[in-house]
Each structure stands twice: as structure tokens, then as C-alpha cells.
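Geometric and topological summary
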Amino acid sequence: MSGIVFALLGVAVAVGLAGMGSAWGVGIAGQAAAGVVTEDPGKFAKVLVLQLLPGTQGIYGLLVGFITLSKIGLLGGGVNMDMSMTQGLLYFAACIPIGIVGLISARYQGETAAASIGIVAKKPDQFGKAMLFPAMVETYAILALLISILAVSAL
């Protein structure tokens, strides 16, 4: 089996898991946002911003996927079908951090965003403070993104 299979599996892990986490988190926050907008449509913009925050992990996974595809030559037309098993496994390992952390952090960011949406529902003037809670969860997704980008770029 060629190493390219493992490299592509790494892309699938980065994009798939981070995307699933984002869908999960955005869905959780969206349920809370829908309840608030039902009661007060004027809060739509504020709760929409909070709902969108867990979507960033999917973007991070996609970014790592594009960088990896570019490094292995699939975006440039010069794919290395004879990639060694070791090289393929290294690409796979480099993609794991954003895949796993993206999946988990997006879910918890969705829950935190839902709680922040509750703050906005009762005290819309506290929107800035409410944004900080889900942003703290984002920190760990950014750290995983950096590790995956550094690891893929080093190969």
C-alpha cells in the first residue's frame, strides 16, 4: 500500500472530524439562537454571531486539508504516487491534532455559545462579555491548527 493513502486519510480526518464538530456545535448554538429570536427578533444579529463561532473549526480543518493536498501535489498536478509509507503516516499524524481537537472543541464551543446566547437573551448589553466565553474554547482549536500546519509544513 502506498503512503499516499495514509496522507489522504489524514486529509479526511482533518476535514471530516473538524467539519463534523463544527456542524454539531453550530447546531447546538442554533437551537438556542432560534429560541431567542422567536421571543425577540431584534437580537438576531447578536445571536447569529455567537452561533457561527463553532464553525471556525471546520474552516481550520479545511485549511489543513488544503495545505496537505498542496504539499503532496494533488492541487498542483504532480502527485507522488510512490510516497513512502513513513511519509504518508507522517502526513496522517500531522492532520490528527486539528481533526480531533476540532471535533471536540467545536462541540463544547457550541454549548458555551448557547449559554452566551442565554446571556444576550436577558442582557443584550452584555454581548461583548458573552463573546469571551466561547472565544476561550476557540483558543485550543487555534493551538491544534498551528500544530497541524507546522507539522504538515515541515514535511
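Just so it is clear, the model here is predicted, and its values are computed rather than measured. Note on numbering: residues in each chain are counted from 1, in written sequence order. For a predicted model such as this one, the threshold for reporting local features is a pLDDT of at least 70, and the threshold for listing and counting side-chain atom pairs is 80 or more; totals across whole chains, interfaces and linings nevertheless cover every residue. In computing side-chain values, all of the structure's heavy atoms are included and hydrogens and water are not.

Another aspect to go through is the UniProt feature "transmembrane region" (unreviewed entry) in the chain. UniProt positions are given in the numbering used here, feature names are shortened, and annotations may be inferred rather than shown by experiment. Those places that UniProt annotates as "transmembrane region" (unreviewed entry) correspond, in this numbering, to residues 58-77, 89-110 and 130-152. Strand forms 0% of residues 89-110 and helix 100%; the C-alpha atoms that close the span are 32 Å apart. Numbering goes from the N terminus for both helices and strands, where a helix is a DSSP run of H or I of at least four residues and a strand is a run of E of at least two.

What follows is about the nonpolar core. Remark: nonpolar core denotes a set of buried residues (Ala, Val, Leu, Ile, Met, Phe, Trp, Tyr, Cys) joined through side-chain atoms within 4.5 Å. The buried label applies to any residue whose accessible area, calculated with a 1.4 Å probe on protein chains only, is under 20% of its type's maximum; exposed applies above 50%, and partly exposed to all values in between. In terms of nonpolar packing, the biggest core is built from 17 residues, with Val64, Ile72, Met83, Tyr91 and Ile98 touching the most fellow members. Elements that contribute at least two residues to this core include exactly helix H1 (3-39), helix H3 (56-71), helix H4 (85-122) and helix H5 (127-154). Pairs of residues are marked as contacts when any of their non-hydrogen atoms sit within 4.5 Å. If we skip the residues at most four places from it in the chain, Val64 touches Ala14, Cys95, Ile98, Leu145, Ser148 and Ile149. Residues Ala29, Leu50, Leu53 and Ile117 belong to the second largest nonpolar core, which totals 10 residues.

The next point concerns the pattern of salt bridges. Definition used for salt bridges: Asp or Glu carboxyl oxygen within 4 Å of a side-chain nitrogen of Lys or Arg. One pass over the full model with this rule turns up two salt bridges. Among the ionic pairs, Lys43 bridges to Asp40, the shortest N-O distance being 3.5 Å. Here Lys43 falls in the buried class, since its relative accessible area comes to 12%. In this structure, the salt-bridge partner of Arg107 is Glu111, at a minimum N-O distance of 3.2 Å. Here Arg107 and its partner Glu111 are both found in helix H4, four residues apart, which amounts to about one turn of the helix. On the basis of relative accessibility, which here comes to 33%, the residue Glu111 falls in the partly exposed class.

A separate point is the UniProt feature "domain: V-ATPase proteolipid subunit C-like" (unreviewed entry) in the chain. The residues that UniProt annotates with the feature "domain: V-ATPase proteolipid subunit C-like" (unreviewed entry) are residues 9-67 and 92-150. Along residues 9-67, the helical share is 88% and the strand share 0%, with 14 Å between the first and last C-alpha atoms. With 93% helix and 0% strand, residues 92-150 has end C-alpha atoms that lie 13 Å from one another.

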